[in-house]
Amino acid sequence: MFNRHDISRNTFQLTGKLARQGYDWWWHSFTGTNPETGEKKSFFVEYFICNPYGNREKPVLGQSPVNKKEGRKPSYLMVKAGTWGNDAAQLHKFFGIRKIELRQEPPFELVAGECYLSEDALKGSVAVSEEDAKYYKEWMCDAGSMSWSLVMDKKIAFNVGYGAGRVMRRLNAFEMFWHAEGMKTAYKGEVLWNGKKYIVSPKDSYGYADKNWGSNFTSPWVWLSSCHMKSEITGKWLDNSAFDIGGGCPKIGRFALRRKLLAAFWHEGKEYEFNFSKFWTFCRTKFECRESRSQICWHVDQRTLRYRMVTDIVCSKKEMLLVNYESPDGQKRHNRLWNGGTGRGKVQLYRGKKLIDRIQVFNVGCEYGEYTK
């Protein structure tokens with residue numbers, strides 16, 4: 001069973017070694033509607049903590065020229081917010097660790113200035129001037145403003161199992177951990193994007209919420225997810241469904257597990273899981289990610305002894321963002337990491353060779369990148 005909520009995994013994880021060299025982030029994406037024009041727009045909000053040890057008053061940006069020259073490790077809370085589509089943009093705000101208030105025991109809470117995050121709410125604002133955008137150019141930052149006030153109801157979880165369980169977390173067994181407490185999340189509230197209001201309603205928010213933490217990032221980096229889907233066989237919208245795929249090259253200590261992905265599909269109340277850590281299912285995965293002049297394309301083929309899931313997604317590059325993260329050791333290894341939320345395509349589910357359903361998927365959250373020198 002992967003649809004098991006576990007808010008202990010959603011709490012702050014940067015203790016012990018990870019406090020000195022680690023990151024922890026909470027990701028949220030959703031769709032809003034302009035009440036005047038009817039325009040729909042996909043948004044995201046991320047809270048990212050890096051290297052909290054030292055409890056510094058001001059943020060230390062590892063990629064700033066001075067800090068990079070002196071070899072200082074990054075240390076900050078980064079709040080990143082933005083939108084996808086023809087006017088895709090990302091805004092950044094940084095806080096010193098001492099400026100953060102954290103409740104580490106479940107249920108989790110984070111407060112930094114006007115920015116707030118808990119298990120069921122997120123509020124905040126980011127405003128970036130043209131001058132600030134130039135200063136934060138290493139993060140591909142744009143100028144603009146966004147504020148948000150939302151509550152969320154995490155309907156379906158993707159719990160990857162013992163791989164992110166308590167023992168593995170204490171051992172820091174993996175270089176990068178993942179937990180999707182809300183791979184289908186209903187959001188409610190409003191967003192102001194550059195002065196324009198967007199209403200977010202549970203029925204058509206097509207929301208998602210997960211988190212990652214660890215000491216470094218995976219390469220290749222793959223993520224695909226959606227809860228906005230329609231069956232081609234029945235013609236019905238699937239209101240109680242969601243899928244999630246993530247991974248690339250997991251590392252256990254120094255050992256890399258080449259080209260491994262975790263995946264789950266909750267199909268109208270029935271579970272289909274493709275999890276390499278559950279070895280007894282004999283999960284096998286093949287995937288290909290391609291970048292053309294105008295699109296990013298994903299093809300993922302996953303099988304267990306009983307089931308098969310074939311996923312084909314495309315997303316226009318003009319609607320996506322190039323996002324940057326610096327590793328906790330101060331290096332920036334991902335220099336071409338594509339991030340989007342307007343992908344679309346198909347997912348096919350099989351039992352053996354028999355087709356269960358062929359599903360059209362929309363508003364697909366999607367990422368792809370590999371380390372570049």
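See the structure shown above.
Residues numbered from 1 in each chain as written. Predicted model: local features only at pLDDT ≥ 70, side-chain atom pairs only at ≥ 80, totals over all residues. Heavy atoms only, no water.

Looking at the environment of V200
Counted only if it meets this: Each helix is a run of H or I in the DSSP string that is no shorter than four residues. Each strand is a run of E no shorter than two, and both are numbered from the N terminus. We call two residues in contact when some of their heavy atoms are within 4.5 Å.
For V200, the location among the structural elements is in strand β11 (residues 196-200). C-alpha separation for the pair V200 and F30, spaced 170 residues apart in sequence, amounts to 7.8 Å. Ignoring sequence-local partners within four residues, the contact set of V200 consists of F30, T31, G32, L150, Y187, K188, G189, E190, V191 and S205.

Here we look at the nonpolar core
Our working rule: Here the nonpolar core consists of buried residues drawn from Ala, Val, Leu, Ile, Met, Phe, Trp, Tyr and Cys, with membership extended through side-chain atoms lying within 4.5 Å. A 1.4 Å probe rolled over the protein chains alone gives each residue an accessible area, and that area as a share of the maximum for its type sets the label: buried under 20%, exposed over 50%, partly exposed in between.
In this structure, Y47, L110, W148 and M183 are the most contacted members of the largest nonpolar core, which totals 77 residues. Residues L261, C283, V300 and L349 belong to the second largest nonpolar core, which totals 30 residues.

Brief notes about the packing of aromatic side chains
The following threshold applies: Only Phe, Tyr and Trp rings are paired, with Trp represented by its six-membered ring, and only when their centres lie within 6.5 Å; those with planes under 30 degrees apart are stacked, over 60 edge-to-face, the remainder tilted. Any Lys NZ or Arg CZ found within 6 Å of a ring centre and within 35 degrees of that ring's normal is scored as a charge over the ring.
Here the structure, examined in full by the defined rule, presents 35 aromatic pairs. Ring geometry for F44 against W84: centres 5.0 Å apart, planes inclined by 35°, an arrangement best described as tilted. With F44 in strand β2 (residues 40-50) and W84 in the loop between β3 (76-83) and β4 (89-95), this residue pair connects regions lying 40 residues apart in the sequence. You'll find F44 and W84 in the same group, each marked buried. Among the aromatic side chains, those forming a connected cluster through ring pairs are Y23, W25, F48, Y76, F94, Y135, Y136, W139, F217, W221 and Y325. Residue placement shows R259 over the ring face of F287; its charged tip is 4.0 Å from the ring centre.

Focus: the pattern of salt bridges
Note the threshold: The working definition used for a salt bridge is a side-chain nitrogen of Lys or Arg within 4 Å of a carboxyl oxygen of Asp or Glu.
The final tally for this structure, using the stated rule, is 22 salt bridges. The salt bridge involving K346 is made with E232; its shortest N-O contact spans 3.1 Å. Placement of K346 in strand β24 (residues 337-351) and of E232 in the loop between β14 (228-231) and β15 (241-248) is noted, with a sequence separation of 114 residues between them. In this structure K346 comes out as partly exposed when scored by relative accessible area, which is 39%. A salt bridge links R333 to D329, with the nearest nitrogen and oxygen atoms 2.6 Å apart. Here the salt bridges do not stand alone but share partners, grouping E39, K41 and D87 into one network.

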